Amino acid sequence: MKSVPHATSLRRAPVQRRSAERLTRILDACAELLDEVGYDALSTRAVALRAGVPIGSVYRFFGNKRQMADALAQRNLERYTERVTERLKKASRGDWRAAMDAVLDEYLAMKRTAPGFSLVDFGNQIPVGARHAEPNTRVADRLTDLLSGYLGRTPDEDLRRVFLVAVESADTLVHLAFRTDPDGDEAIIAETRELLRAYLGRVLD
C-alpha cells in the first residue's frame, strides 16, 4: 500500500495487506485525534478505539504515542513527495520556478487540509513547539534527490545546502503565516514565494 511508513519507524513492519490496512487506520485515527484533542491528551487507547482495532494492534506497531506521531510524520513526508512528483509531471522539465511553486503549494495544501499536520507535519512539532533541525534536513535531502534530475543538476553537497537553506527559510515563514492567520496569511506567503525565488534564482538561473 502507498504511504505506509518505512519499517524502521515501526516495532514490526506490516507483511500482509490486512496488516497494512490496519496500520493505515491507526495512523488515520492518530491524525484525527491530534486535531481534536492535541498531543498531550492523545492516548494509544483512544487511537485504538477510533481506529476500531484492539489495543494490542497498536502496540504491535508502536511502543508509545511518540512513535506513532513519528510514523505519522514519516507518512506525511511520503505523501508530500508523491504530491510534488505528480505536480512536476505537468511542468516543463528544468523549470525551477514551477518546481519551487509545486514544493511550496503542496506543503501549504497539506498544512490546510491534512489531519494532524499542523502539529506533526514532517516531525518538527512534537513535543508541541519543538523545532529540531533533523526533519528539515530530511525534507531538504528528499527534495534534492527528487528535483536534481528534474532540474538537470548534480545532487552534490552544494545543492543540498541550497535546498536546506530554502527549506529552513520557508518553514519559518510559513509557520509565521499560520500564526498570523489560521488559514495562512496570504501576504506573508507571497513574500515567502518572492524570497525563495530571489534566493534560488541566484543559484539555479
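Note that the structure is predicted; figures quoted are calculated from it, not measured.

What counts and how
- Residues numbered from 1 in each chain as written.
- Predicted model: local features only at pLDDT ≥ 70, side-chain atom pairs only at ≥ 80, totals over all residues.
- Heavy atoms only, no water.
- Helix = DSSP H or I, 4+ residues; strand = E, 2+ residues; numbered from the N terminus.
- Buried < 20%, exposed > 50% of the residue type's maximum accessible area, 1.4 Å probe, protein only.
- Contact = heavy atoms within 4.5 Å.
- Areas by Shrake-Rupley, 256 points an atom, 1.4 Å probe, with all protein chains shown as cover.
- Expected span 1.5 Å × (residues − 1).
- Core = buried A, V, L, I, M, F, W, Y, C linked by side-chain atoms within 4.5 Å.
- Phe/Tyr/Trp six-rings, centres within 6.5 Å; stacked < 30°, edge-to-face > 60°.
- Lys NZ or Arg CZ within 6 Å of the ring centre and 35° of its normal.
- Axes fitted to C-alpha atoms, helices over the stretch in contact; angles between N-to-C directions.
- Left-handed = near helix turned anticlockwise from the far one by under 90°.
- Nonpolar A, V, L, I, M, F, W, Y, C, P; charged D, E, K, R; others polar.
- pLDDT = per-residue confidence, 0-100.

Comments concerning the overall build of the protein
Now for step 1: Looking only at helices and strands, the protein has nine helices and zero strands in total.
Now for step 2: N-terminal to C-terminal, the α/β element order of the protein is α-α-α-α-α-α-α-α-α.
Now for step 3: Burial statistics for the protein: of 205 residues in total, 47% are counted as buried.
Now for step 4: Expressed as a percentage of contacts within the protein between residues at least 6 apart in sequence, the contacts between residues at least 24 apart total 65%.
Now for step 5: As displayed, the protein offers around 10400 Å² of accessible surface, 51% of which is attributable to carbon and sulfur atoms.

A few points about helix H8 (residues 157-180)
Now for step 1: For H8, spanning 24 residues, the distance from its first C-alpha to its last is 35 Å, which sits close to the expected 34 Å at 1.5 Å a residue.
Now for step 2: Within the sequence span of H8, burial applies to Leu159, Arg160, Val162, Phe163, Ala166, Val167, Ala170, Asp171, Val174, His175, Ala177 and Phe178.

Overview of the environment of phenylalanine 178
Now for step 1: Within the element layout of this structure, phenylalanine 178 appears in helix H8.
Now for step 2: Exposure remark for phenylalanine 178: the relative accessible area of 14% places this residue in the buried category.
Now for step 3: Note: C-alpha distance between phenylalanine 178 and isoleucine 188 (10 residues apart in sequence) is 9.2 Å.

Considerations on the nonpolar core
Now for step 1: One finds Tyr80, Leu88, Phe122, Leu143, Leu147, Leu151 and Leu200 to be the most contacted residues of the largest nonpolar core, which totals 36 residues.
Now for step 2: Of all the secondary structure elements, the ones that give two or more residues to this core are helix H4 (65-89), helix H5 (96-113), helix H7 (133-151), H8 and helix H9 (186-204).
Now for step 3: Not counting residues up to four positions away in its chain, the partners in contact with phenylalanine 122 are Ala73, Asn76, Leu77, Tyr80, Tyr107, Phe117, Pro135, Arg138 and Val139.
Now for step 4: One finds Ala29, Cys30, Ala71 and Leu72 within the second-largest nonpolar core, a separate group that totals 24 residues.

Observations concerning the packing of aromatic side chains
Now for step 1: Tallied over the full model, the rule gives six aromatic pairs.
Now for step 2: Ring plane angle 65 degrees and centroid distance 5.6 Å describe the contact between tyrosine 107 and phenylalanine 117, whose orientation is recorded as edge-to-face. Taken as a pair, tyrosine 107 in helix H5 and phenylalanine 117 in helix H6 (residues 117-120) lie far apart in primary sequence, 10 residues in all. With respect to class, tyrosine 107 is no different from phenylalanine 117; both count as buried.
Now for step 3: Through successive ring pairs, a cluster of aromatic residues spans Tyr80, Tyr107, Phe117 and Phe122.
Now for step 4: Of note, lysine 65 hangs over the ring of tyrosine 39, and the distance from its end group to the ring centre comes to 4.6 Å.

As for the packing of H5 against H9
Now for step 1: As a packed pair, H5 and H9 sit with axes 10 Å apart at the nearest point and diverge in direction by 150 degrees. Every pair of crossing elements has a handedness; the one defined by H5 and H9 is right-handed. Contacts from Trp96, Met100, Asp101, Leu104, Asp105, Leu108 and Arg112 in H5 reach Glu186, Ile189, Arg193, Leu196, Arg197, Leu200, Gly201 and Leu204 in H9.
Now for step 2: Each residue belonging to the contact of H5 with H9 can be placed in one class, and the counts come to eight nonpolar, one polar and six charged.

What to know about the environment of leucine 108
Now for step 1: Tracing the chain through its elements places leucine 108 in helix H5.
Now for step 2: Once the C-alpha coordinates of leucine 108 and isoleucine 189 are considered, the two residues, 81 residues apart in sequence, prove to be 9.2 Å apart.
Now for step 3: Beyond its immediate chain neighbours, meaning those up to four positions away, leucine 108 contacts Val174, Phe178, Ile189 and Arg193.

Thoughts on the confidence of the model for the protein
Any residue range with low pLDDT should be treated as having predicted coordinates unsuitable for detailed reading.
Now for step 1: For the protein, per-residue confidence averages 88 on the pLDDT scale, and residues scoring 70 or more make up 87% of the total.
Now for step 2: In this model, residues 1-8 is a region of pLDDT below 50 whose contacts with residues beyond four sequence positions or in other chains number 20 contacts.

Focus on unusual backbone geometry
Peptide bonds are, in most cases, trans, and in most cases residues other than glycine have a negative phi.
Now for step 1: The phi torsion at aspartate 121 lies on the positive side, around 30 degrees, for a residue other than glycine.
Now for step 2: By secondary structure assignment, the location of aspartate 121 is in the loop between H6 and H7.
Now for step 3: Assessed through its relative accessible area of 1%, aspartate 121 is described here as buried.

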